[in-house]
Amino acid sequence: QVQLVESGGGLVQTGGSLTLSCAASGRTFSTYGVGWFRQAPGKEREFVAAIRRSTGITYYAEPVKGRFTISRDNTKNTVYLKMNSLKPEDTGVYYCAAVLRYSSTWPRGGYDYWGQGTQVTVSP
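The structure contained in this document is the topic of the report that follows.

Rules behind the numbers
Residues numbered from 1 in each chain as written. Predicted model: local features only at pLDDT ≥ 70, side-chain atom pairs only at ≥ 80, totals over all residues. Heavy atoms only, no water. Salt bridge = Lys/Arg side-chain N within 4 Å of Asp/Glu carboxyl O. Buried < 20%, exposed > 50% of the residue type's maximum accessible area, 1.4 Å probe, protein only. Helix = DSSP H or I, 4+ residues; strand = E, 2+ residues; numbered from the N terminus. Phe/Tyr/Trp six-rings, centres within 6.5 Å; stacked < 30°, edge-to-face > 60°. Contact = heavy atoms within 4.5 Å. Polar contact = N/O pair within 3.5 Å; in protein donor to acceptor, adjacent residues only side chain to side chain.

## Side note on the pattern of salt bridges
And step 1. Summed over the entire model, instances satisfying the criterion amount to four salt bridges.
And step 2. Notably, a salt bridge pairs Glu46 with Arg38, separated by 2.7 Å at the nearest N-O pair.
And step 3. The class for Glu46 is partly exposed, based on a relative accessible area of 34%.
And step 4. Note on Arg38: relative accessible area 5%, which makes it buried.
And step 5. Two residues, Arg38 and Asp90, come together in a salt bridge whose shortest N-O distance is 2.9 Å. With Arg38 in strand 4 (residues 33–39) and Asp90 in the loop between strand 8 (78–83) and strand 9 (92–99), this pair connects stretches of sequence that are 52 residues apart.
And step 6. Asp90 sits in the buried class, given a relative accessible area of 0%.
And step 7. Taken together, the salt bridges that share partners define one network made up of Arg38, Glu46, Arg67 and Asp90.

Structure follows, in structure tokens:
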């Protein structure tokens, strides 16, 4: 079991950058695969990026490829989402999620634990 807390959200202008953090408490975070999701106003939650444990292999949704970078620092039990060249369509609540055992839906599904979310707003 693990508890996740997102932070780093805020208001940024188009073209700006923002870095989100997902801090874990409880079980050692290094044993979990971690994903980032977002939910725009009036939209369904969508996959953004994910990172495997140990290997550090990453996955990205097409809309964020080349702009977002997911990384982790296991010594700090923290996963980051660095967001560059932000667009208004990136606006939404961003959630991090963790999974201990990968399923056939990885990296887009199968997560066991979720954070409370952090708001990201990109103004024109």
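Okay, back to it.
## Comments concerning the packing of aromatic side chains
Centre-to-centre distance and the angle between the planes together describe a pair of aromatic rings.
And step 1. What the rule picks out here adds up to eight aromatic pairs.
And step 2. With centroids separated by 6.0 Å and ring planes inclined at 80°, the aromatic side chains of Tyr32 and Tyr113 adopt a geometry described as edge-to-face. Within this pair, whereas Tyr32 is found in the loop between strand 3 (18–26) and strand 4, its partner Tyr113 is found in strand 10 (residues 113–114), the two being separated by 81 residues in sequence.
And step 3. For Tyr32, a relative accessible area of 1% gives the class buried.
And step 4. Both rings, one in Phe37 and one in Tyr111, keep their centres 5.2 Å apart while their planes meet at 85°; by these two values the pair is edge-to-face. Of this pair, Phe37 sits in strand 4 while Tyr111 sits in the loop between strand 9 and strand 10, placing them 74 residues apart in sequence.
And step 5. Residue class for Tyr111 comes out buried when judged on its relative accessible area of 10%.
And step 6. Through a chain of ring-to-ring contacts, the aromatic side chains of Phe37, Phe47, Tyr59, Tyr102, Trp106, Tyr111 and Trp114 assemble into a single cluster.

## Quick notes on the environment of Thr91
And step 1. Within the secondary structure, Thr91 is located in the loop between strand 8 and strand 9.
And step 2. A sequence separation of 48 residues divides Thr91 from Lys43, and the C-alpha atoms of the two residues are 11 Å apart.
And step 3. Setting aside its immediate chain neighbours within four residues, Thr91 contacts Ala40, Pro41, Gln119, Val120, Thr121 and Val122.
And step 4. At a separation of 2.9 Å, a polar atom in the side chain of Thr91 contacts the main-chain carbonyl oxygen of Pro88.

On their own, these measurements won't tell you what the molecule is for.
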